[in-house]
2 protein chains.
Amino acid sequence: MNEISIIGGGAWGTALGAVLASDGTQIVLYAREKDVVDSINLSNINKVFLPKIVLPKSLKASDDISSATKAKYILLTTPSQFFRSQLRQISKHNVSDDSAFIICNKGIENESLDLMSDIFEESLDNPYAILSGPTFAEEVASLSATSISLASKNLLLAENIRTVMSRKSLSIHINNDIIGSQICGAVKNVVAIGCGIIRGLGHGENSKAAIFTRGFHEIMRINTEMGGKPETMLEPCGLGDLILTCSSEKSRNFSFGLALGQNKSKDEILQGKLAVVEGVATSKSVINLAKKLKLHLPLCEMINNIVEAKTKPEEILTLV
Amino acid sequence: MNEISIIGGGAWGTALGAVLASDGTQIVLYAREKDVVDSINLSNINKVFLPKIVLPKSLKASDDISSATKAKYILLTTPSQFFRSQLRQISKHNVSDDSAFIICNKGIENESLDLMSDIFEESLDNPYAILSGPTFAEEVASLSATSISLASKNLLLAENIRTVMSRKSLSIHINNDIIGSQICGAVKNVVAIGCGIIRGLGHGENSKAAIFTRGFHEIMRINTEMGGKPETMLEPCGLGDLILTCSSEKSRNFSFGLALGQNKSKDEILQGKLAVVEGVATSKSVINLAKKLKLHLPLCEMINNIVEAKTKPEEILTLV
């Protein structure tokens, strides 16, 4: 049984593999794409999703999921809208009761409005934690100093995971608020689209700071209503991740918003993109969640309307 | 008696003049530099401090301070370390008791550790408010949509100022926390130096997000200890201003930090600079304020030590 395995060969799964294998730890990464697996195993590179980074030799890929379901700690990086079916697949592989899962994706399921932890609990009985924070994949993979939050209701589990996953360049901050961690991680992608729209419209940093501030308030309101803790908003998974995602074109969500602000349509922007822009699905989930919770969230509603081409991008300036 | 006048012909004073005069309102701006006054009056440009912006014709400059001390609302933009002597000069000019002042600078006096409001109250008996928020001068002057906070213990005064100063591109948010507004506005310049150091060292957005998050925590702790309100941290003058200043080389403080991170010395960077980098003086004040309040602020201390060349810039990475 391996110590650590990773499910999902996108940029984030690969970056986690790179940092965790950086000290020589043997890591197995499951990817469903044959060319990703071959690329990692033959040339120590993920040419599809993380082409600029040379990966450690102790990171091995496999397209056989059973090679990754037998580990003490299993990291899950599958995009949120495919998370339920991924777990269904995993549950068929006799996962040991001793295996703990680390949920590393960010989103809210469109149909059910479930958080990833809800989906996990419906699918498996294993212990789990939520990993979330300001982490551009390429920077994590190139061992640039990074702080990340790890949330679990079981603090002993969180301590164990921290011991196993900490690296010189990866500093892990523990909290026990799985709701807040997930709400912050999911909704910040929507706010990032808003900040991107401002940039795309050609407006400046002042306008973006105003939208950012309003976005933080709306995340805080959803968080409170969902039972998350206010202090989680100020952790790496809260404020830290929000500033990262809203500040740079390296963020897929910010870049998506930027293109919207330049009057491109959602379909036009997403066409041919392999990587998932989580904020697109999440903006829909957030609107429906707000309805359910009877919350009025003008910014999230505006962003969703712009994503769905129901409102012109420049309308967002009315919220500055 | 004019409706609005401005003391200080730097970038910020000029930008405020530009936006307030943008609807045709007559504004008088006092600048002590003869070439600034001539440049504004002869060619509608402040070629020294805001050279890219064509100013409205209704903005007039004067090097006679008495032309600016006779107004209903007087905006003060003098740098913080010269604020006391500026007020001493103003107080000699028979200011009407009806005049209200709007304090627009950000800092903590080195010698006394006084906030700008303390210095004001020691100098004049007039009513006043604090204007603070995410406002790059050039963007305000070019009428890009901007949100700003206005704090006053007297909410009726704040309402009146909002009515007089609101413009299509300038949205004013009122609060009654003059302490919190000033602490946020001053200390964020120190955090911005820290974020700039990270960039200067060649480190990435993940590291910067971690320093930003830690910086927010330290501002919050000073704010609480000084009697500011926690909710002010989330206003444009709090989070909004912090993200602006920490995100862009347009910020003098961020740029200063960036140069420090590239191993330039404080004196080398500041040499020949006309514009004041407020965070340099404030980093010293914050350290002494922390001592007085018995607060341990590892990030602010680290930044001050790097500014004073007592610590190497790369040491900041130990705080990620």
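Every chain begins its residue count from 1, and numbering advances along the sequence as written. Whichever chain is written first is A, and whichever ligand is written first is 1; the rest continue in order. In keeping with the predicted nature of the model, local features appear solely for residues at pLDDT of at least 70, side-chain atom pairs appear and are counted solely at 80 or more, and the whole-chain, interface and lining totals rest on all residues. For the side-chain quantities, the full set of heavy atoms in the structure was used; hydrogens and water were omitted.

Q: Provide a residue-level description of the overall build of chain A, including the pertinent values.
A: Helix and strand assignments come from DSSP, with helices taken as H or I runs of at least 4 residues and strands as E runs of at least 2, each series counted from the N terminus. Broken down by element type, chain A carries 13 helices and 8 strands. Here the C-alpha atoms of chain A give a radius of gyration of 19 Å, agreeing with the 20 Å that 2.2 N^0.38 yields for 320 residues. Its C-alpha atoms put chain A at 55 × 40 × 35 Å along the principal axes. In this scheme, a residue with accessible area under 20% of its type's maximum is buried, one over 50% is exposed, and one in between is partly exposed, where area comes from a 1.4 Å probe on protein chains only. Here chain A holds 320 residues, and the buried ones make up 61% of them. Contact criterion: two residues are considered in contact whenever any of their non-hydrogen atoms come within 4.5 Å of each other. Look at the contacts in chain A between residues 6 or more apart in sequence, and 70% of them connect residues 24 or more apart. The Shrake-Rupley method, run with a 1.4 Å probe sphere, supplies the accessible areas, and residue values consider only the shown protein chains as cover. Here chain A has roughly 12,100 Å² of accessible surface; of this, 49% comes from carbon and sulfur atoms. Every radius of gyration here is taken over C-alpha atoms, with the globule rule written as 2.2 Å times N^0.38, N being the number of residues.

Q: Account for the relation of the copies chain A and chain B, with residues named and values stated.
A: Superposing chain A onto chain B requires a rotation of 180° together with a translation of 0.0 Å along the rotation axis, leaving an RMSD of 0.0 Å. The operation mapping one copy onto its partner corresponds to a two-fold rotation axis. Looking at the interface residues of chain A, 100% of them are also at the interface in chain B, so both copies use one shared face. The superposition of copies rests on a least-squares fit of C-alpha positions from residues with pLDDT of 70 or more in both.

Q: Summarise the pattern of salt bridges; cite the residues concerned and give the values.
A: In the sections that follow, a salt bridge refers to a side-chain nitrogen of Lys or Arg positioned within 4 Å of a carboxyl oxygen of Asp or Glu. By the definition in use, this model includes 30 salt bridges over all chains. The shortest N-O distance in the salt bridge between Asp23(B) and Arg167(B) comes to 3.3 Å. Of the two residues, Asp23(B) is situated in the loop between helix H1 (11-20) and strand E2 (27-30) and Arg167(B) in the loop between helix H6 (155-165) and strand E8 (170-175); the sequence distance between them amounts to 144 residues. A residue is classified by how much of its surface remains accessible, and Asp23(B), at 49% relative accessible area, is partly exposed. Relative accessible area serves as the criterion here: at 10%, Arg167(B) is assigned to the buried category. Salt bridges sharing partners connect three or more residues here, namely Arg84(A), Glu109(A), Asp114(A) and Glu122(A).

Q: Would you mind going over the sheet that holds strand E3 (residues 59-62) of chain A in detail, with residue names and values included?
A: Residue and element names in this part refer to chain A. Strands are treated as partners if at least two bridges between them are detected by DSSP. Pairing is mixed across the open sheet formed by 8 strands, whose spatial order is E3-E2-E1-E4-E5-E6-E7-E8. Looking at strand neighbours, the two that pair on one side only are E3 and strand E8 (170-175), the edges of this open sheet. Direction aside, the axes of adjacent strands within the sheet are offset by 25° on average. Sheet topology places strand E6 (residues 128-132) next to strand E7 (residues 146-151); 3 bridges connect them, and they run antiparallel. Residue pairing for E7: Leu131 is matched across the bridge by Leu150. Axes here refer to lines fitted to C-alpha atoms; in helices the fit is confined to the stretch in contact. Angles between the N-to-C directions go from 0 to 180 degrees. Taken strand by strand, helix H9 (residues 236-247) contacts E6, E7 and E8, and its axis lies near 140° from that of E7.

Q: Residues and numbers for the environment of Ile193(B), please.
A: Residues and elements named next belong to chain B. Looking at where Ile193 falls in the secondary structure, it is placed in helix H7 (residues 178-200). Put simply, Ile193 and Tyr128 are 65 residues apart on the chain and 29 Å apart in space, counted from C-alpha to C-alpha. Leaving out residues up to four positions away in the same chain, Ile193 has contacts with Asn253, Phe256, Gly257, Leu260, Gly279, Val280, Ile303 and Val307.

Q: Talk me through H7(B); I want residue IDs and the actual numbers.
A: All names here are of chain B. For H7, built from 23 residues, the straight-helix expectation of 33 Å at 1.5 Å per residue is met to within 8% by its first-to-last C-alpha distance of 34 Å. Bending of H7 peaks at approximately 25° at the position of Lys188. Immediately beyond the C-terminal end of H7, within one or two residues, lies Gly202, with a positive phi of roughly 85°. Expected span of a helix, by definition, is 1.5 Å for each gap between consecutive residues, and there is one gap fewer than residues. Bend, in this description, refers to the angle at a residue between axes fitted to the seven residues ending there and the seven starting there.

Q: Before we move on, could you go through the nonpolar core and cite the residues and values that matter?
A: Definition of nonpolar core: a set of buried residues of the types Ala, Val, Leu, Ile, Met, Phe, Trp, Tyr and Cys, connected through side-chain atoms within 4.5 Å. Grouped together as the largest cluster of nonpolar side chains are 106 residues, with contacts concentrated most on Phe212(A), Ile316(A), Phe212(B) and Ile316(B). For Phe212(A), the residues in contact, after removing those within four places along its chain, are Cys195(A), Leu239(A), Leu242(A), Ile243(A), Cys246(A), Leu239(B) and Ile243(B).

Q: Give a detailed account of the interface of chain A and chain B, specifying residues and quantitative values.
A: Facing 33 residues of chain A, the contacting portion of chain B comprises 33 residues. A 1.4 Å probe defines the accessible area here, and the buried area is the portion of it lost by two parts on being joined, summed over both. Surface buried jointly by chain A and chain B totals about 2,600 Å² across both partners, of which 63% is contributed by carbon and sulfur atoms. On the chain A side of the interface with chain B, the three residues burying the most area are Asn206(A), Leu234(A) and Ile243(A), jointly 24% of the side's total. The tally of links between chain A and chain B comes to 0 salt bridges.

Q: Summarise the packing of helix H8 (residues 205-226) of chain B against helix H9 (residues 236-247) of chain B; cite the residues concerned and give the values.
A: Residues and elements named next belong to chain B. Viewed as axis vectors pointing N to C, H8 and H9 meet at an angle of 145°, and their least axial separation amounts to 11 Å. Where H8 crosses over H9, the two elements pack in a sense that is right-handed. In this structure, H8 uses Lys208, Phe212, Phe216 and Ile219 to contact H9, whose residues at the interface are Leu239, Leu242, Ile243, Cys246 and Ser247. Each crossing is labelled by how the near helix is turned from the far one, with a counterclockwise turn of less than a right angle marking it left-handed and a clockwise turn marking it right-handed.

Q: Report on unusual backbone geometry, specifying residues and quantitative values.
A: A negative phi holds for most residues other than glycine; trans holds for most peptide bonds. Residues and elements named next belong to chain A. Residues other than glycine seldom take positive phi values, yet Asn44 does so here, at roughly 50°. Note on placement: Asn44 falls in the loop between helix H2 (34-43) and E3. Among the residues examined, Asn44 registers a relative accessible area of 15% and is labelled buried. In the Ramachandran plot, Ala309 falls in the positive-phi region, its phi being about 60° despite a non-glycine side chain.

Q: Kindly report on the confidence of the model for chain A, identifying the contributing residues and their values.
A: A residue's pLDDT is the predictor's confidence in that residue, given on a scale from 0 to 100. Mean pLDDT over chain A: 96, with 100% of residues reaching 70 or higher. Interface confidence for the predicted complex, expressed as ipTM, amounts to 0.94; the pTM equals 0.94.

Q: Give me helix H8 (residues 205-226) of chain A: which residues, what numbers.
A: The end-to-end C-alpha distance of H8(A), which contains 22 residues, comes to 31 Å, matching closely the 32 Å that a straight helix rising 1.5 Å per residue would cover. Gly227(A) occupies a position one or two residues after H8(A) and carries a positive phi of about 95°.

Q: Summarise the packing of aromatic side chains; cite the residues concerned and give the values.
A: Residues and elements named next belong to chain B. Ring pairs are drawn from Phe, Tyr and Trp, using the six-membered ring of Trp, whenever the two centres fall within 6.5 Å, and their geometry is named by plane angle: stacked under 30 degrees, edge-to-face over 60, tilted for the rest. Inspection of every chain in the model, using the stated rule, returns 4 aromatic pairs over all chains. Measuring from ring centre to ring centre gives 5.3 Å for Phe101 and Phe120, while their planes differ by 55°; the resulting arrangement is tilted. Taken together, the residues span a long stretch of sequence, with Phe101 in strand E5 (residues 100-103) and Phe120 in helix H4 (residues 116-123) at a distance of 19 residues. Assigned by exposure class, Phe101 and Phe120 land together as buried. When the ring of Phe120 is compared with that of Tyr128, the centres are 4.9 Å apart and the planes differ by 45°; the resulting orientation is tilted. Of the two residues, Phe120 and Tyr128, both sit in the buried class.

Q: Give me the lowdown on the packing of H7(B) against helix H12 (residues 278-293) of chain B, citing residues and values where you can.
A: All names here are of chain B. Here H7 crosses H12 at 105°, and the two axes come no closer than 8 Å. It follows that H7 is roughly perpendicular to H12 by the angle criterion. Seen from H7, the contacting residues are Ala186, Val187, Asn189, Val190 and Ile193; seen from H12, they are Glu278, Gly279, Val280, Thr282, Ser283 and Val286. Our angle categories are set so that under 35 degrees counts as roughly parallel, over 145 as roughly antiparallel, 65 to 115 as roughly perpendicular, and the remainder as oblique.

Q: Before we move on, can you summarise the pairing of strand E7 (residues 146-151) of chain B with the specific residues and values?
A: When a strand is regular, its side chains alternate between the sheet's two faces. All names here are of chain B. Most of E7 sits out of view: 6 of its 6 residues are buried. The two faces of E7 match: Thr146, Ile148 and Leu150 on one face and Ser147, Ser149 and Ala151 on the other face are all buried. Bridge count for E7 against E8 is 6 bridges, and the pairing is parallel. When the sheet's bridge partners are listed, Leu150 is paired in E8 with Ile174. A clockwise course of the path from the first strand over the helix to the second, judged with the strands pointing away from the viewer, identifies a crossover as right-handed. The handedness of the E7 to E8 crossover, carried by H6, is right-handed.

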